[in-house]
Amino acid sequence: MVLTLLKAKPERKLAKQICKVVLDHFEKQYSKELGDAWNTVRDILTSPSCWQYAVLLNRFNYPFELEKNLHLKGYHSLFQGSLPYYPQSMKCYLSRTPHRMPSERHQIGNLKQYYLLNAASLLPVLALELRDGEKVLDLCAAPGGKSLALLQCAYPGYLHCNEYDSLRLRWLRQTLESFIPQPLVNVIKVSELDGREMGDAQPETFDKVLVDAPCSNDRSWLFSSDSQKAACRISQRRNLPLLQIELLRSAIKALRPGGLLVYSTCTLSKAENQDVISEVLNSYSNIMPVDIKEMARACSHDFTFAPTGQECGLLVIPDKGKAWGPMYFAKLKKSWTT
């Protein structure tokens, strides 16, 4: 009885922090866009005690003991080799139950052994199919989890991590310093450019480009402590698709012909997901959708997907026992002809 009460208290405390302004707004939009699935998604997003955390192991300071312990605790390896592209060097473990490992502290000179993340955020990285020696751009890179995941997949010839927000840039630098050995840092460039200018600054430079765009971050917005700020965010939300399209246009310019681009967000919003990709596909004759339905089939054991009406776009939605997402991602290819 005492244990039950102790567990229930944090849940009640967190529940009080749910921002009604945001929840009401999401309720109107997502009940239309997701239908009945929204009920389950809402229940999970508003109950942090249901949230799950995946453990991405750092190949540059591999935690063999931790890996053994994760097996003993019932964690299993994500994907288990079922995806068309899944490098052996990437090791990520997850548990079916909501359990969060303690985060490691940042210590100068010592590389961290693992990174905690929403497992769905690895899907855009894997969709990019990074190979050794390629030039890759992470256009909106902070806090650095996807850049770190890219480096678990392959050794790029050049990795450009860009972040326009100066506070988030500091976070990105610390992530890279915490996980990446010095020799590899030499092939990484960190910049603070407005992402909309990258295409003009580095035209047709990159083999692969990841655009993890600024978006309505559904999970964090629901727990906004300042309701006035939340209301302001919601009113400005309609401007986000324009920014996202401008970032994609810049990314397309920076991509070499024959190169691949992956666009991702952590929102359920159709306006920021499918509509953005449709607009780009309708605007360019040399940008082609890449069918990624096979990815959804291959990892349906660990993730729940909502229909997107697109072969090139997938949407992970939180579900019971698979509380990952929201995460939308779409894959595009730049052809040789304009």
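Position numbers for residues count from 1 along each chain, tracking the sequence in the order it is written. In view of the model being predicted, local features appear only for residues whose pLDDT reaches at least 70, and side-chain atom pairs are presented and counted only at 80 or more, with totals across whole chains, interfaces and linings using the full set of residues. No hydrogens and no water enter the side-chain calculation; it runs on all heavy atoms of the structure.

Taking an unreviewed UniProt entry as the reference, the protein chain is identified by name as NOP2/Sun RNA methyltransferase 3 belonging to Capra hircus. UniProt positions are given in the numbering used here, feature names are shortened, and annotations may be inferred rather than shown by experiment. Note on the protein chain: under the UniProt heading Subcellular location (unreviewed entry), the record states "Mitochondrion". According to its UniProt record, the protein chain has this under Sequence similarities (unreviewed entry): "Belongs to the class I-like SAM-binding methyltransferase superfamily. RsmB/NOP family."

1. Remarks on unusual backbone geometry
A negative phi holds for most residues other than glycine; trans holds for most peptide bonds. Across the junction of Ala142 and Pro143, the peptide omega takes the value 5°, indicating a cis bond. Going along the chain from the N terminus, every DSSP run of H or I of four or more residues is numbered as a helix, and every run of E of two or more is numbered as a strand. By the element assignment, Pro143 lies in the loop between β5 (135-138) and α6 (145-153). The omega torsion across Gly325 and Pro326 is 0°, close enough to zero to call that bond cis. Within the fold, Pro326 resides in the loop between β12 (313-316) and β13 (327-334). Unusually for a residue other than glycine, Glu129 sits at a positive phi of about 50°.

2. Some points on the packing of helix α2 (residues 20-34) against helix α3 (residues 37-45)
In this description, a line fitted to the C-alpha atoms serves as the axis of each element, helices being fitted only across the stretch in contact, and the angle between N-to-C directions of two axes falls anywhere from 0 to 180 degrees. Interaxial distance between α2 and α3 falls to 8 Å at its minimum, and their mutual angle equals 145°. Contacts between α2 and α3 involve Leu23, Phe26, Glu27, Tyr30, Ser31 and Leu34 from the former and Ala37, Trp38, Val41 and Arg42 from the latter. The residue classification treats Ala, Val, Leu, Ile, Met, Phe, Trp, Tyr, Cys and Pro as nonpolar and Asp, Glu, Lys and Arg as charged. All others, Gly included, are polar. Tallied by class, residues from the contact of α2 with α3 come to seven nonpolar, one polar and two charged. Contacts are assigned to residue pairs that have any heavy atoms within 4.5 Å of one another.

3. Describing the UniProt feature "binding site: S-adenosyl-L-methionine" (unreviewed entry) in the protein chain
UniProt records the feature "binding site: S-adenosyl-L-methionine" (unreviewed entry) at Cys140, Ala141, Ala142, Pro143, Gly144, Gly145, Lys146, Glu163, Asp194 and Asp212, using the numbering of this structure. Along the chain, Ala142 falls in the loop between β5 and α6. Filtering out sequence-adjacent residues up to four positions away, Ala142 remains in contact with Glu163, Arg168 and Leu172. In this fold, Asp212 is placed in strand β8 (residues 206-212). Contacts of Asp212, omitting those with residues within four sequence positions, involve Cys140, Lys146, Ser264 and Thr265. A polar side-chain atom of Asp212 sits 3.2 Å from a polar atom in the side chain of Lys146. Between N or O atoms, a polar contact is any pair within 3.5 Å; within protein, one atom must be a potential hydrogen donor and the other a potential acceptor, and residues adjacent in sequence are included only when both atoms are from side chains.

4. Observations concerning the UniProt feature "active site" (unreviewed entry) in the protein chain
The UniProt record annotates "active site" (unreviewed entry) at Cys266. Assignment of secondary structure puts Cys266 in the loop between β9 (255-265) and α13 (274-283). Since its relative accessible area comes to 21%, Cys266 is described here as partly exposed. Excluding anything up to four places from it in sequence, Cys266 contacts Cys215, Ser216, Asn217, Asp218, Pro326 and Met327. Exposure classes here rest on a 1.4 Å probe applied to the protein chains alone. A residue is buried below 20% of its type maximum, exposed above 50%, and partly exposed in between.

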